[in-house]
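Residue-level listing of the chains:
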Amino acid sequence: MSFISTKGRYGLRVMIDLAEHNNGDYVPLSDIAERQGISEKYLESIVGTLSRNGLLESLRGKGGGYRLIKRPEEYSVLDILKCTEGSLAPVSCLDKSFNDCPRVSECNTLPMWEDFYKLVTEFFASRSLQDLVAEPGSGDFVI
């Protein structure tokens with residue numbers, strides 16, 4: 001079982017690639033796919049999700065491609081992962097804003113899952129896209 005799916009990891013790689021090539025121009029998907037060694041077809045769905053959720057801007061046609069809407073330091077890793085993963089909740093009862101599990105009042109493990117979820121979200125919220133670009137190969141972040 002993986003905590004973060006391939007879609008989430010590749011979403012981060014796309015965003016890092018765009019941040020590294022952030023000169024104001026649109027970056028063709030074929031260039032990203034080649035640099036990252038990821039199928040262009042698979043990346044289409046990922047950049048589509050990132051674009052629909054307001055993390056990227058896209059332009060079709062000649063000179064088109066993708067670019068960041070904000071500066072790299074304005075994107076949290078949490079925002080990117082939530083966009084590509086949907087939820088980072090470790091258990092389904094924490095997936096919603098209101099926990100409607102019938103066992104919530106007697107669940108001995110719920111406080112543990114809540115603490116874990118808080119740690120995960122705080123960790124990813126405290127890291128920006130710029131952090132990932134600034135320290136290539138540092139070993140701190142494995143994607």
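That block above? That's the structure.
Residues numbered from 1 in each chain as written. Predicted model: local features only at pLDDT ≥ 70, side-chain atom pairs only at ≥ 80, totals over all residues. Heavy atoms only, no water.

Trainee: How would you sum up the overall build of the protein? Please name residues and give values.
Mentor: The helix and strand inventory of the protein stands at six helices and two strands. Considered along the principal axes of its C-alpha atoms, the protein spans approximately 60 × 30 × 25 Å. In the protein, which comprises 143 residues, the proportion classed as buried is 36%. A sequence separation of at least 24 residues applies to 65% of the contacts in the protein between residues at least 6 apart. For the protein, the exposed area adds up to about 8700 Å²; of that, 49% sits on carbon and sulfur atoms. With 16 positive and 21 negative side-chain charges, the protein shows a separation of 5 Å between the mean positions of the two kinds. (Helix = DSSP H or I, 4+ residues; strand = E, 2+ residues; numbered from the N terminus. Buried < 20%, exposed > 50% of the residue type's maximum accessible area, 1.4 Å probe, protein only. Contact = heavy atoms within 4.5 Å. Areas by Shrake-Rupley, 256 points an atom, 1.4 Å probe, with all protein chains shown as cover. Lys, Arg positive; Asp, Glu negative; His and termini not counted. Charge placed at Lys NZ, Arg CZ, Asp CG, Glu CD.)

Trainee: Talk me through helix H1 (residues 6-20); I want residue IDs and the actual numbers.
Mentor: Taking 1.5 Å as the rise per residue, H1 with 15 residues should run 21 Å; its terminal C-alpha atoms sit 21 Å apart, in good agreement. Here the buried face of H1 lies against helix H2 (29-36), helix H3 (40-52), strand S1 (56-59), strand S2 (65-68), helix H4 (77-85) and helix H6 (129-134). (Expected span 1.5 Å × (residues − 1).)

Trainee: Can you explain the packing of aromatic side chains? Please cite residues and give values.
Mentor: By the definition in use, this model includes three aromatic pairs. Residues phenylalanine 3 and phenylalanine 116 carry aromatic rings whose centres are separated by 6.1 Å and whose planes lie at 70° to one another, so their mutual orientation is edge-to-face. Here phenylalanine 3 is found in the segment before H1, whereas its partner phenylalanine 116 is found in helix H5 (residues 110-125), with 113 residues between them in sequence. Take phenylalanine 3: its relative accessible area is 39%, and that puts it in the partly exposed class. The class of phenylalanine 116 is partly exposed, set by a relative accessible area of 34%. (Phe/Tyr/Trp six-rings, centres within 6.5 Å; stacked < 30°, edge-to-face > 60°.)

Trainee: Describe the side chain of serine 76, listing the residues and the values that go with them.
Mentor: Turning to its location among the elements, serine 76 is positioned in the loop between S2 and H4. Side-chain polar atoms of serine 76 contact the backbone nitrogen of aspartate 79, separated by 2.9 Å. For serine 76, the residues in contact, after removing those within four places along its chain, are Phe124, Ala125, Arg127 and Ser128. (Polar contact = N/O pair within 3.5 Å; in protein donor to acceptor, adjacent residues only side chain to side chain.)

Trainee: Which residues make up the nonpolar core, and what values do they have?
Mentor: The biggest cluster of nonpolar side chains holds 33 residues, and the ones touching the most others in it are Met15 and Leu50. Counting residues per element, the ones that place at least two in this core are H1, H2, H3, S2, H4, H5 and H6. The greatest single-element share of this core, amounting to seven residues, is contributed by H1. (Core = buried A, V, L, I, M, F, W, Y, C linked by side-chain atoms within 4.5 Å.)

Everything listed here is a matter of geometry and, on its own, says nothing about what the molecule does.
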